[in-house]
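Structural description and commentary
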Amino acid sequence: MESIFEYMQTYDFENLFFCQDKALDFKAIIAIHDTTLGPATGGCRMWQDYTSEMDAVEDALRLARGMTYKYAAAGVNLGGGKAVIIGDPKRTDREPVFRALGKFINRLGGKYITGEDVGTTLQDMEYIRMETEHVVTLPTYLGGAGDIAPMTAYGTIRAMQACCKKVYGSDSLEGKQVAVQGLGAVGHNMVEQLHELGANLIVTDIDPAKVDAMTARFGADAVESEAIYDVDCDIFCPCALGKVINDDTLSRLKCKIICGSANNQLAEERHGDRLEEAGFVYAPDYITNAGGTIYDTDRLGVGGVSHERGKAKVARIYDNMQQVFEIADRDRLPTYQAADRMAEERISQIAEVKKYAD
Ligand code: NAD
């Protein structure tokens, strides 16, 4: 990115805020992409490995835009925003840092709502909550939804069922071979829920203890982490890293469906085109992994968490995935582009609705 304003104009960003306090060694960026559907919402990332300040600004802007698409495609009435704190995610003096961020967020009067992201924790969100109410990811004892990973897994499985319907004519996962990469917060919930649905599981993780737990509890087969790309299966379910669909893995995968929770699965957009050409059914990551954030934000404006209502909304990821397939067929697009189109169409339709005065 050479010019901030040029970048913001290209992708139609609304605002960019810089916050700092020298005594606290606090530097943060808040990016607001689009508030057509509702307040800009998206987690707070704490990260220090930026090559320059411009690199951090671009990260905040890119992530904020990603949230606009994620909420729009999920049918949630929120816009896209993101905060980035430039700093060591392991720094121990967290209270003043996150309370300072809370103060700045509060000044925005609800135009931006923050949450947990890479490098931040629920405890950090508690510090932010001391200064502002505009924070979603909170423990249950503070009125939040608590651990959202089970709902991220559930939403991904709903997308997987829609993929099965398309490929096999039935959404049943009974007897399907599913290769799960990564057995962390989402992955282990995925294995548990897939097991309940009768899937046969092949799992991997770089942490052998996590693998042992899944093989012992659910009778899953295990492979070395690199071997997961080569296993014969119906569904490859990436729940660990980004960029797992790349030049190397594309020629190795033997599945029919790729559907997992990991963010940024395509190394480059062209890999989404290649998946399409090679006949894979690819469930775009921001469609599949929206469950946690749908569940987490469901309480906003409706007076608190309801597990039943939240879960019912997450279940609609099945319909969202089907709509992606419809747009892909209608406009002859690979699914990753069809998802973007679905989000853009919803934003422009709701903008049209909103032009009428109340
Ligand atoms: P996590 O850190 O809890 O788990 C990741 C797991 O992947 C760990 O067990 C780690 O050991 C394993 N791993 C790392 N490198 C690996 C490799 N090369 N091969 C196999 N396993 C490897 O993270 P998480 O919260 O479970 O998230 C998983 C993915 O889903 C991430 O991409 C995350 O961005 C995305 N996601 C998570 C949520 C959520 O609710 N937690 C929501 C949306 C998206």
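Residues numbered from 1 in each chain as written. Predicted model: local features only at pLDDT ≥ 70, side-chain atom pairs only at ≥ 80, totals over all residues. Heavy atoms only, no water.

1. Re the overall build of the chain
Of the regular secondary structure elements, the chain holds 14 helices and twelve strands. The C-alpha radius of gyration of the chain comes to 20 Å, within 12% of the 21 Å expected for a compact globule of 358 residues. Looking at the chain as a whole, 53% of its 358 residues qualify as buried. Carbon and sulfur atoms provide 47% of the accessible area of the chain, an area that totals close to 16400 Å². Charged side chains in the chain number 38 positive and 55 negative. The centres of these two groups are separated by 4 Å. (Helix = DSSP H or I, 4+ residues; strand = E, 2+ residues; numbered from the N terminus. Rg over C-alpha atoms; globule rule 2.2 N^0.38 Å. Buried < 20%, exposed > 50% of the residue type's maximum accessible area, 1.4 Å probe, protein only. Areas by Shrake-Rupley, 256 points an atom, 1.4 Å probe, with all protein chains shown as cover. Lys, Arg positive; Asp, Glu negative; His and termini not counted. Charge placed at Lys NZ, Arg CZ, Asp CG, Glu CD.)

2. A closer look at the domain arrangement of the chain
Per the domain assignment, the segments of the chain are domain 1 (14–64 + 79–142) and domain 2 (149–290 + 319–344). A separation of 30 Å is found between the C-alpha centroids of domain 1 and domain 2. (Domains from an automatic or database assignment.)

3. Details of the packing of aromatic side chains
This model, assessed by the stated rule, comprises five aromatic pairs. Plain terms: the ring middles of Y7 and Y11 are 5.1 Å apart, the flat faces sit at 55° to each other, and that makes the pair tilted. Exposure remark for Y7: the relative accessible area of 15% places this residue in the buried category. Judged by relative accessible area, Y11 falls into the partly exposed class, the value being 32%. In this structure an aromatic cluster arises from ring pairing among Y7, Y11 and F13. (Phe/Tyr/Trp six-rings, centres within 6.5 Å; stacked < 30°, edge-to-face > 60°.)

4. Quick notes on the site of the ligand
Taken together, 20 residues are adjacent to the ligand, and T152, V186, D205, K210 and N263 come closest. Separating an oxygen atom of the ligand from a side-chain N or O atom of T152 is a distance of 2.7 Å. Here an oxygen atom of the ligand sits 2.8 Å away from a polar atom, N or O, in the main chain of V186. Burial of the ligand by the surrounding chains reaches 72%, relative to a free accessible area of 830 Å². Those elements that place two or more of their residues in the shell around the ligand are α5 (149–168) and α6 (185–196). Looking at the shell around the ligand residue by residue, the class counts come to ten nonpolar, eight polar and two charged. (Near = heavy atom within 4 Å. Polar contact = N/O pair within 3.5 Å; in protein donor to acceptor, adjacent residues only side chain to side chain. Nonpolar A, V, L, I, M, F, W, Y, C, P; charged D, E, K, R; others polar.)

5. Points about the side chain of T156
Mapped onto the elements, T156 comes out in helix α5. Accessibility expressed as a relative area gives 0% for T156, which makes it buried. Setting aside anything within four residues of it in sequence, one finds T156 in contact with M190, C259, G260, S261, T288 and N289. (Contact = heavy atoms within 4.5 Å.)

6. What about helix α12 (residues 307–315)?
Every buried residue of α12 is accounted for by G310, V314 and A315. Down the axis of α12, the buried set is contained in an arc of 140°. They therefore lie on one face. Looking at the buried residues of α12, the elements they touch are α5, α11 (291–297) and α13 (317–331). (Arc of directions from axis to C-beta.)

7. Considering the nonpolar core
V178, V180, L194, V203 and M321 are the most contacted members of the largest nonpolar core, which totals 62 residues. Element by element, the count of residues in this core is highest for α5, at ten residues. Once residues within four sequence positions are removed from consideration, L194 is found in contact with I157, M160, L173, V178, V180, A199 and L201. F26, A28, M46 and I105 belong to the second-largest nonpolar core, a separate cluster that totals 23 residues. (Core = buried A, V, L, I, M, F, W, Y, C linked by side-chain atoms within 4.5 Å.)

8. A word on the pattern of salt bridges
Scanning the model with the defined rule gives 22 salt bridges in all. Ionic pairing is found between D117 and R45, a salt bridge with its closest N-O pair at 2.8 Å. In this pair, D117 is assigned in the loop between β6 (112–113) and α4 (122–129) and R45 in strand β4 (residues 44–47), connecting sequence segments 72 residues apart. For R270, the salt bridge is made with E268, and the minimal N-O distance between the two is 3.0 Å. Looking at R270, the relative accessible area reads 36%, which means it is partly exposed. Ionic contacts of the salt-bridge type, sharing partners, join the residues R45, D59, R62, K82 and D117 into one network. (Salt bridge = Lys/Arg side-chain N within 4 Å of Asp/Glu carboxyl O.)

9. Topic: a negative patch on the surface
Together, E276, E277, E326 and D329 line one region of the surface with negative charge. Those elements that place two or more of their residues in the negative patch are α9 (269–277) and α13. Relative to the helices and strands, D329 resides in helix α13. The exposure class assigned to D329 is exposed, which follows from its relative accessible area of 53%. (Patch = residues over 30% accessible without salt bridge, like charges linked within 9 Å, V, L, I, M, F, W, Y side chains within 5 Å.)

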